[in-house]
Amino acid sequence: MLYWGCMPNIDIIIRTHFTRNRDEKKVRYCGADKAEVTRRCLISLVKSVNQLEPACQVQVVLYDDHSGVENLAMAQEILDSLQPPHSSKIIHATVSGPTATMVPAFTWGLNDSQKDLLYFLEDDYLHQPSTVSELANAHKYFSHMLGGRPVALYPFDDPYRYYKPENIQPTRIVLGPKRHWRVNHFTSGTFFTTHAVLAKHFTNISALGRVPVSSTMEDDTINKVWKDEDVTLFSPIPSLAL
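This structure is a prediction, so every number in the text was calculated from the model and none was measured.

Examining the nonpolar core
- Counting residues in each nonpolar core, the largest one holds 62 residues, and the members touching the most others are Ile10, Ile12, Leu45, Val49, Leu153 and Trp226.
- It is helix 4 (residues 131-145) that provides the largest number of residues to this core, a total of six residues.
- Ignoring anything within four residues of it in the chain, the contact list for Leu153 reads Leu135, Ala138, His139, Phe142, Trp181, Phe191, Phe192, Leu233 and Phe234.

Below you can see the structure in the form of structure tokens.
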């Protein structure tokens, strides 16, 4: 396994609701209900974390929006399969709604995380076994190659972002430790970066959880961070999580 420099410690903050779709107008292509989607995605995340070398310590923080006793028991059983030195915790949200937990989850990362890297994650991303290790490697590599400049990663090469003509524009494709990546300017509430990036750009990042749900909510808030010359955002080709 490649790794550029010392092994990092990572907090993975995943916002969950086992029974509600974030976009109720879309039918999931897999045909499964939300609880099954979230269950399988959480299993895939834990399997990916368990692929890391022992020197890399991960805490999976499940920030849950009132999923119910049975679903949380299932989630805890999955989290219990994390191998040492990794750990987990469940935080019970005091607010509820499709985007309501974004601000408290981002705030937890800002004020309570003690880790080198933060991976904010929505609960419907299916991970490859190598995803977390590749994210950690790629982040360190790109930061090194860019002379220590801030870097963020979005693990999904989102096909919806190719549909608008204005999104078809020149980009840079670069070779990372294990695959090619492209420079990107768009994410959802899922992204991998440092605590310093979160702190510096907290206003625009947390605004994603404050504005009404719309087709432009990311462009009006968090995507302003990735269009800032201060932070370079990369997405893998092909996706590491989708």
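Let us keep going from here.
Quick notes on unusual backbone geometry
- Between Pro84 and Pro85 the backbone carries a cis peptide bond, its omega angle lying at 10°.
- By the secondary structure assignment, Pro85 is in the loop between helix 2 (69-79) and strand 3 (87-92).
- Here the residue pair Ile237 and Pro238 is connected by a cis peptide bond, since its omega of -5° sits within 30 degrees of zero.
- The residue Pro238 is located in the segment after strand 9 (232-237) in this model.

Structural notes on the pairing of strand 2 (residues 58-64)
- Within strand 2, seven of the seven residues are buried, which leaves it mostly tucked inside the rest of the structure.
- Here strand 2 shows no split at all, with Val58, Val60, Leu62 and Asp64 on one side and Gln59, Val61 and Tyr63 on the other all buried.
- Where strand 1 (residues 10-16) meets strand 2, seven bridges bridge the pair, whose relative direction is parallel. Bridge assignment links Ile12 to a residue of strand 2, and that residue is Val60.
- Here six bridges tie strand 2 to strand 3, and the two strands are oriented parallel to one another. In the sheet register, Asp64 faces strand 3, and the bridge partner there is His92.

Re the pattern of salt bridges
- Within this structure, the stated rule accounts for eight salt bridges.
- Arg39 is the salt-bridge partner of Glu36, the closest N and O atoms lying 2.9 Å from each other. Of the two residues, Glu36 and Arg39 are both situated in helix 1 (residues 34-49); the distance of three residues between them amounts to about one turn of the helix.
- Overall, Glu36 belongs to the partly exposed group, its relative accessible area being 22%.
- Given a relative accessible area of 25%, Arg39 falls into the partly exposed group.
- Residues joined by salt bridges that share partners form a network here, namely Glu36, Arg39 and Arg40.

Remarks on the layout of surface pockets
- Within this model, the second largest pocket holds a volume of roughly 330 Å³.
- Of all the elements in the fold, those that place two or more residues in the lining of the second largest pocket are helix 4, strand 6 (173-175), helix 7 (223-227) and strand 9.
- In terms of residue class, the lining of the second largest pocket is built from eleven nonpolar, two polar and five charged.

Notes on the side chain of Ser67
- Residue placement: Ser67 occurs in the loop between strand 2 and helix 2.
- Residue Ser67 is classed as buried on the basis of its relative accessible area, which comes to 7%.
- Looking at Ser67, its side chain comes within polar contact range of the main-chain nitrogen of Phe18, at 3.0 Å.
- In this structure the side chain of Ser67 is engaged in a polar contact, spanning 2.5 Å, whose partner is the side chain of Asp64.

Some thoughts on the pairing of strand 4 (residues 117-122)
- By the criterion of burial, strand 4 is predominantly enclosed, with six of the six residues buried.
- Judged by which residues are buried, strand 4 turns out to be covered on both faces: Leu117, Tyr119 and Leu121 on one side and Leu118, Phe120 and Glu122 on the other are all buried.
- The pairing of strand 1 with strand 4 spans six bridges and is classified as parallel. Its bridge partner being in strand 4, Ile14 is matched across the sheet by Leu121.

A word on helix 4
- Spanning 15 residues, helix 4 covers 21 Å between terminal C-alpha atoms, matching the ideal 21 Å at 1.5 Å per step.
- Among all positions in helix 4, only Thr131, Val132, Ser133, Glu134, Leu135, Ala136, Asn137, Ala138, His139, Tyr141, Phe142 and Ser143 are buried.
- With its phi angle positive at about 70°, Gly147 sits one or two positions after the end of helix 4.

Things to note about the environment of Pro54
- One can find Pro54 in the loop between helix 1 and strand 2.
- Here the alpha-carbon distance between Pro54 and Gln83, two residues 29 residues apart in the chain, equals 9.0 Å.

Cut-offs used in this document
Residue positions are counted from 1 within each chain, in the order its sequence is given. In keeping with the predicted nature of the model, local features appear solely for residues at pLDDT of at least 70, side-chain atom pairs appear and are counted solely at 80 or more, and the whole-chain, interface and lining totals rest on all residues. Side-chain descriptors were evaluated using all non-hydrogen atoms of the structure, hydrogens and water having been removed beforehand. The nonpolar core is taken to be a set of buried Ala, Val, Leu, Ile, Met, Phe, Trp, Tyr and Cys residues, with the residues joined through side-chain atoms within 4.5 Å. Partly exposed describes any residue whose relative accessible area lies between the buried limit of under 20% and the exposed limit of over 50%, with all areas from a 1.4 Å probe on protein chains only and scaled to the type maximum. Numbering goes from the N terminus for both helices and strands, where a helix is a DSSP run of H or I of at least four residues and a strand is a run of E of at least two. Any two residues whose heavy atoms approach within 4.5 Å are treated as being in contact. Here the rule is simple: two strands pair whenever DSSP picks up at least two bridges between them. Put simply, a salt bridge is a Lys or Arg side-chain nitrogen that is within 4 Å of an Asp or Glu carboxyl oxygen. Both cavities and pockets are sets of points on a 1 Å grid over the protein atoms alone; in a cavity a 1.4 Å probe fits but cannot get out, in a pocket the set is open with protein on both sides within 12 Å along at least five of seven lines, and lining residues sit with an atom within 4 Å of a point. Grid points are joined across faces, edges and corners, and a volume is the space filled by probe spheres set on the points. In this count, Pro and Cys sit with the nonpolar residues alongside Ala, Val, Leu, Ile, Met, Phe, Trp and Tyr, while Asp, Glu, Lys and Arg are called charged and the others, Gly among them, polar. For the purposes of these results, a polar contact is taken to be a pair of N or O atoms within 3.5 Å, where, inside protein, one atom must be able to donate a hydrogen and its partner to accept one; residues adjacent in sequence count only when each atom of the pair is a side-chain atom. Here a helix's expected span is defined as the number of its residues, less one, multiplied by 1.5 Å.

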